[in-house]
Amino acid sequence: MSIEFLNPAMLFGLAALSLPIVAHLLSKKRFDVVEWGAMQFLDLGKRHRRRVRIEELILLLLRMAIVGLFVLAMARPTISGGYFANAIVGQSHDTVFVIDGSYSMGRDDGEATPHNRARAAVQRLLNRARPGDTSAVLDSRDVVQSPSGAPQRDIDALRRRVDELRPPAGSSNLAVAIADALRILGTTSHPRRDVVVLTDGQARGWYTDDDAQWKEIDELRRQPAAEPRLWAVDFTQGDVPDNFSLERLAASRERAAVGFPVRVATTLRYDSPHGPGECNIYLEVDGQRLADATVKSPLLEPGGEYGVEFEHRFSAAGSHLLSVVIDDDDVPGDNRADVAVAITDPLNVVLVDGDPHLDVTRSETFFAAAALEGGGEQSGFIHSRVVSPQSLDKNTIDRADVIVLANVATVSAEQADQLRSFVNNGGGALIAPGRQVDPASYRDTLDDLLPGELETFRTPEVPAGIDAAQAQFPWTVGPAERDELTTARFSAYWKITPRENADIPARFTNGDPFLSITRSGRGRVALLSIPLDADGSTMPTKSVYVALLHELLFFLSAADSLPRNLNVGNPLMQPLIEGAADDGFRVTLPDGTTAVPLITGQPPVVRFEDTAQPGVYTLEQPRRSRTGATAAETARFVVNFDRGEADLTPLSTSEIEQLSAGGRISFLDSPDELEDRLFTDDSRTELWQLLAVTVLGLLCLEIWLTRRLVQGGHAVLDAAASTEPHPLHE
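The shown structure was predicted, so the numbers you read here are calculated from the model rather than taken from an experiment.

Rules and cut-offs
- Residues numbered from 1 in each chain as written.
- Predicted model: local features only at pLDDT ≥ 70, side-chain atom pairs only at ≥ 80, totals over all residues.
- Heavy atoms only, no water.
- pLDDT = per-residue confidence, 0-100.
- Helix = DSSP H or I, 4+ residues; strand = E, 2+ residues; numbered from the N terminus.
- Contact = heavy atoms within 4.5 Å.
- Phe/Tyr/Trp six-rings, centres within 6.5 Å; stacked < 30°, edge-to-face > 60°.
- Lys NZ or Arg CZ within 6 Å of the ring centre and 35° of its normal.
- Salt bridge = Lys/Arg side-chain N within 4 Å of Asp/Glu carboxyl O.
- Buried < 20%, exposed > 50% of the residue type's maximum accessible area, 1.4 Å probe, protein only.
- Core = buried A, V, L, I, M, F, W, Y, C linked by side-chain atoms within 4.5 Å.
- Pairing = 2+ DSSP bridges.
- Axes fitted to C-alpha atoms, helices over the stretch in contact; angles between N-to-C directions.
- Parallel < 35°, antiparallel > 145°, perpendicular 65-115°, else oblique.
- Left-handed = near helix turned anticlockwise from the far one by under 90°.
- Nonpolar A, V, L, I, M, F, W, Y, C, P; charged D, E, K, R; others polar.
- Polar contact = N/O pair within 3.5 Å; in protein donor to acceptor, adjacent residues only side chain to side chain.
- Lys, Arg positive; Asp, Glu negative; His and termini not counted.

**With respect to the confidence of the model for the protein chain**
Any region with low pLDDT has predicted coordinates that should not be read closely.
Part 1 of the argument: Per-residue confidence for the protein chain gives a mean pLDDT of 86; residues scoring 70 or more make up 88%.
Part 2 of the argument: The spread of mean pLDDT over the elements of the protein chain runs between helix H3 (residues 82-87), the lowest at 50, and strand E11 (residues 280-285), the highest at 97.
Part 3 of the argument: Under a pLDDT of 50 for its full length, residues 726-730 has, in the predicted model, two contacts with residues more than four places off or in other chains.

This is the structure:
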């Protein structure tokens with residue numbers, strides 16, 4: 001049995017024990033004694049004087065006991081263990097249940113999933129709650145959620161919250177959830193405080209290597225005077241199951257034209273404690289499985305991987321969804337991967353030819369126009385037209401998605417203002433300078449728009465090449481395309497000094513920038529160091545030239561597009577459509593529930609913040625026609641999670657010992673053991689209520705004893721006066 005104090009600083013109040021003593025001593029000297037002759041006849045007997053002194057001493061001790069017990073009650077003593085603690089009526093608990101909501105808790109390893117067994121265990125523990133107990137529930141996922149809010153005593157409401165928990169999905173960070181639980185317990189008042197973690201024993205969610213997080217947890221445990229207890233229970237049954245899993249799905253482009261090939265790629269992983277395995281892999285478009293897009297994986301050994309790639313061409317513009325799906329297994333949460341893509345009508349590109357020629361094959365834009373309009377699979381996705389620098393006016397600019405300045409010597413101030421407005425409003429601009437470009441003119445008119453400053457037109461002794469291995473283009477570049485990029489040679493190019501805010505996706509092998517990109521307003525500007533023709537470059541003779549130009553133009557045209565593929569916790573955002581209705585905006589979440597987004601900013605953007613659920617979201621913007629009818633424009637979004645959750649490796653013995661060090665966490669084998677330990681193991685009982693009742697009782701006794709002492713003293717005097725003979729009568 002041990003005793004601890006929740007407010008030990010209050011023990012300094014024991015110094016007040018001297019107050020009754022001081023008051024008692026001062027009362028003895030309150031009057032001066034004056035001797036006069038008749039007092040001898042009122043003198044009390046020795047027996048009466050002794051009784052008065054004893055009662056005064058008892059009263060003094062009683063008053064000291066009241067002060068001392070009151071101070072102890074304020075210090076809030078607690079007692080643990082022993083017969084005395086068990087004999088006292090049970091004290092209230094403060095409990096926070098942390099339920100692992102990661103998709104591994106949805107594994108099929110028996111009659112029920114670990115998640116369902118964990119919820120049932122919480123319900124049993126809530127049934128044992130006493131009237132004064134408080135409880136809270138945390139749903140540990142990619143973002144920790146608190147469906148119950150602050151700790152509460154309404155057990156029925158808590159049971160409903162547990163029943164309403166979403167099926168497991170995504171990943172989990174139990175360390176963050178435990179820290180949140182301890183912060184919650186820091187606001188409660190009962191001395192018996194517990195954090196109960198209900199999980200599947202998977203090592204990943206504990207983040208044992210995050211020393212800073214666990215140091216914070218230890219500090220949070222030590223802050224309250226009554227240190228909370230931490231429990232962890234494994235709800236899995238049997239061995240780790242066989243598991244095929246898919247990595248995050250990547251698209252070659254998230255915006256493409258109708259008919260343009262979109263490639264998606266992912267990696268199939270196989271983990272098993274038993275032996276090799278294989279599965280079927282399917283492609284789904286907008287939720288529909290394609291019969292002719294199915295592959296069978298090779299036989300994979302445990303820990304093996306297999307690269308998966310599909311290609312699809314969309315026949316209609318709009319927001320679409322591509323999904324790679326595999327056969328069902330015991331862990332269904334990682335059996336599909338999705339990516340959202342936006343399909344548009346063909347791009348409108350204006351090629352401004354700064355060096356036109358009667359022989360079109362010698363014009364500055366010949367190779368670019370041929371690449372965009374020529375035959376083959378790349379044709380039809382971009383509509384381009386060639387104009388002269390003098391024809392570049394506001395009407396031409398406003399009808400384009402991307403403007404290309406091909407070796408344009410100078411840009412007038414009026415054209416520069418129009419280009420600036422075009423880009424700031426979401427357009428794209430590509431500048432490919434040649435020999436005749438006047439860098440001073442560009443600095444004067446377009447300096448704030450360019451991602452870099454044109455210095456000199458260089459002609460190196462040894463032709464330069466592109467460092468393709470280190471290039472990080474903002475679109476997918478295949479190995480064959482990278483290899484071909486390394487073969488291109490450049491005997492002349494512009495030396496460019498990039499701005500601080502510019503991105504440099506690719507450089508020459510000597511370190512000079514090959515491509516610089518920057519944002520301006522809602523649009524993007526790209527600056528090549530080479531012209532688009534073959535002047536000093538072998539690039540136009542390479543097949544990669546066509547793909548590179550297409551990808552760059554699509555990238556620039558999508559500058560105003562907000563991301564459709566996000567991580568958990570990032571908001572969904574979409575520009576407000578023209579002619580939008582006043583109401584009727586709706587977001588459909590992965591679990592089928594709906595919510596209303598907000599419209600904020602200028603220009604207005606439709607925004608939705610609550611993306612704690614991984615999966616596919618649908619945003620509907622209503623458009624009202626002239627006739628009053630309403631039609632919704634739909635945009636799909638994919639919220640991704642940490643795919644590392646596929647690693648089902650359980651906590652090792654060393655990891656359990658690390659987490660248990662210093663009594664930090666007690667790992668239990670079953671919910672029955674948790675129930676026994678939670679309610680019987682060394683529970684602390686608070687004594688301040690008992691002390692408060694004792695103080696009240698002693699106060700009553702002090703009042704009675706004081707009254708008795710006063711009345712008793714007068715009675716003795718009256719009795720003495722009546723029994724002693726008067727000296728005048730003798």
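Continuing now.
**Thoughts on unusual backbone geometry**
Part 1 of the argument: In this structure, Asp286 is a non-glycine residue whose phi angle is positive, near 55°.
Part 2 of the argument: Relative to the helices and strands, Asp286 is located in the loop between E11 and strand E12 (288-296).
Part 3 of the argument: Phi is positive for Asn407, close to 55°, though the residue is something other than glycine.
Part 4 of the argument: Relative to the helices and strands, Asn407 is located in the loop between strand E18 (402-406) and helix H10 (413-424).

**Some points on the packing of aromatic side chains**
Part 1 of the argument: As enumerated under the stated definition, the model contains 14 aromatic pairs in all.
Part 2 of the argument: For the pair Phe260 and Phe381, a centre-to-centre distance of 4.7 Å together with 80° between the ring planes defines the contact as edge-to-face. In this pair, Phe260 is assigned in the loop between strand E9 (255-257) and strand E10 (261-271) and Phe381 in the loop between helix H8 (366-373) and strand E17 (382-387), connecting sequence segments 121 residues apart.
Part 3 of the argument: Put simply, the rings of Phe490, Tyr493, Phe508 and Phe514 touch in pairs and so form one group of aromatic residues.
Part 4 of the argument: Above the face of the Tyr282 ring, Arg289 is positioned so that its terminal group lies 4.0 Å from the ring centre.

**Looking at the pattern of salt bridges**
Part 1 of the argument: The full count for this structure, using the stated rule, is 31 salt bridges.
Part 2 of the argument: The partner of Arg336 in a salt bridge is Glu284, and the shortest N-O contact between them spans 3.3 Å. Placement of the pair is Arg336 in strand E15 (residues 336-344) and Glu284 in strand E11, with a sequence separation of 52 residues.
Part 3 of the argument: By relative accessible area, which is 33% here, Arg336 ends up partly exposed.
Part 4 of the argument: Exposure remark for Glu284: the relative accessible area of 9% places this residue in the buried category.
Part 5 of the argument: Where Lys394 meets Asp398, a salt bridge forms, and the shortest distance between an N and an O atom there is 2.7 Å. Taken together, the residues Lys394 and Asp398, both in helix H9 (residues 394-398) and four residues apart, mark about one turn of the helix.

**Structural notes on the nonpolar core**
Part 1 of the argument: Core analysis: the largest hydrophobic core is formed by 71 residues, its most contacted members being Phe514 and Met539.
Part 2 of the argument: Take this core: its biggest share by element is nine residues, from helix H13 (residues 544-557).
Part 3 of the argument: Filtering out sequence-adjacent residues up to four positions away, Met539 remains in contact with Ile466, Leu485, Ala488, Phe490, Phe514, Val544, Tyr545 and Leu548.

**Some words on the pairing of strand E16 (residues 347-353)**
Part 1 of the argument: Burial of E16 is extensive: six of the seven residues sit out of reach of the surface.
Part 2 of the argument: Pairing analysis gives six bridges linking E16 to E17, with the strands arranged parallel. By the bridge assignment, Leu347 is partnered in E17 with Ile382.
Part 3 of the argument: With five bridges connecting them, E16 and E18 associate as parallel partners.

**Digging into the sheet that holds strand E22 (residues 503-507)**
Part 1 of the argument: An order of E17-E16-E18-E19-E24-E23-E22 is seen for the seven strands of this open sheet, with the pairing classed as mixed. A single partner strand is all that each edge strand has here, and the edge strands are E17 and E22. Neighbouring strand axes in the sheet, compared pairwise and without regard to direction, differ in orientation by 15° on average.
Part 2 of the argument: Here five bridges tie E18 to strand E19 (residues 428-432), and the two strands are oriented parallel to one another. Paired with Ala406 across the bridge in E19 is Ala432.
Part 3 of the argument: Relative to the sheet, H13 contacts E16, E17, E18, E19, strand E23 (513-520) and strand E24 (523-528), its axis offset from that of E19 by approximately 140°.

**Details of the packing of helix H6 (residues 174-185) against helix H7 (residues 211-222)**
Part 1 of the argument: Contact pair H6 / H7: the axes reach a minimum separation of 9 Å and the direction vectors enclose 20°. By the angle between their axes, H6 is roughly parallel relative to H7. Crossing geometry of H6 relative to H7 is assigned as left-handed. Here Ala175, Val176, Ile178, Ala179, Leu182 and Arg183 of H6 lie close against H7, whose contacting residues are Gln213, Trp214, Glu216, Ile217, Leu220 and Arg221.
Part 2 of the argument: Split into classes, the residues belonging to the contact of H6 with H7 amount to eight nonpolar, one polar and three charged.

**Concerning the environment of Arg507**
Part 1 of the argument: With respect to the helices and strands, Arg507 occurs in strand E22.
Part 2 of the argument: Within polar-contact distance, the side chain of Arg507 engages the backbone oxygen of Gly511 at 2.8 Å.

**Some words on the side chain of Arg193**
Part 1 of the argument: By the element assignment, Arg193 lies in strand E5 (residues 192-199).
Part 2 of the argument: At 4.4 Å, Asp94 is the nearest oppositely charged side chain to Arg193, a buried residue that forms no salt bridge.
Part 3 of the argument: In terms of polar contacts, Arg193 uses its side chain to reach the backbone carbonyl oxygen of Thr188, at 3.4 Å.
Part 4 of the argument: If we skip the residues at most four places from it in the chain, Arg193 touches Asp94, Leu185, Gly186, Thr188, Pro224, Ala226, Pro228 and Arg229.

**Section: the sheet that holds E9**
Part 1 of the argument: If you trace the five strands from one edge of the open sheet to the other, you get E9-E15-E14-E11-E12, paired in mixed fashion. The open sheet is flanked by E9 and E12, the only strands paired with a single partner. Mean inter-strand twist for the sheet, computed between neighbouring axes without regard to direction, equals 30°.
Part 2 of the argument: Summarising the sheet, strand E14 (residues 318-326) and E15 pair through eight bridges and their orientation is antiparallel. Counted as the bridge partner of His320 is Val341 from E15.

**Concerning the packing of H8 against H13**
Part 1 of the argument: Where H8 contacts H13, the axes come no closer than 10 Å and their chain directions differ by 80°. In this view, H8 runs roughly perpendicular relative to H13, as classed from their interaxial angle. Every residue of H13 that contacts H8 at Phe367, Ala368, Ala371 and Leu372 is listed here: Tyr545, Val546, Leu549, His550 and Leu553.
Part 2 of the argument: Tallied by class, the residues present in the contact of H8 with H13 amount to eight nonpolar, one polar and no charged.

**Looking at the side chain of Ser516**
Part 1 of the argument: Tracing the backbone through its elements, the reader meets Ser516 in strand E23.
Part 2 of the argument: Setting aside residues up to four positions removed in sequence, Ser516 forms contacts with Pro451, Ile496, Asp503, Ile504, Val525, Ala526 and Leu527.

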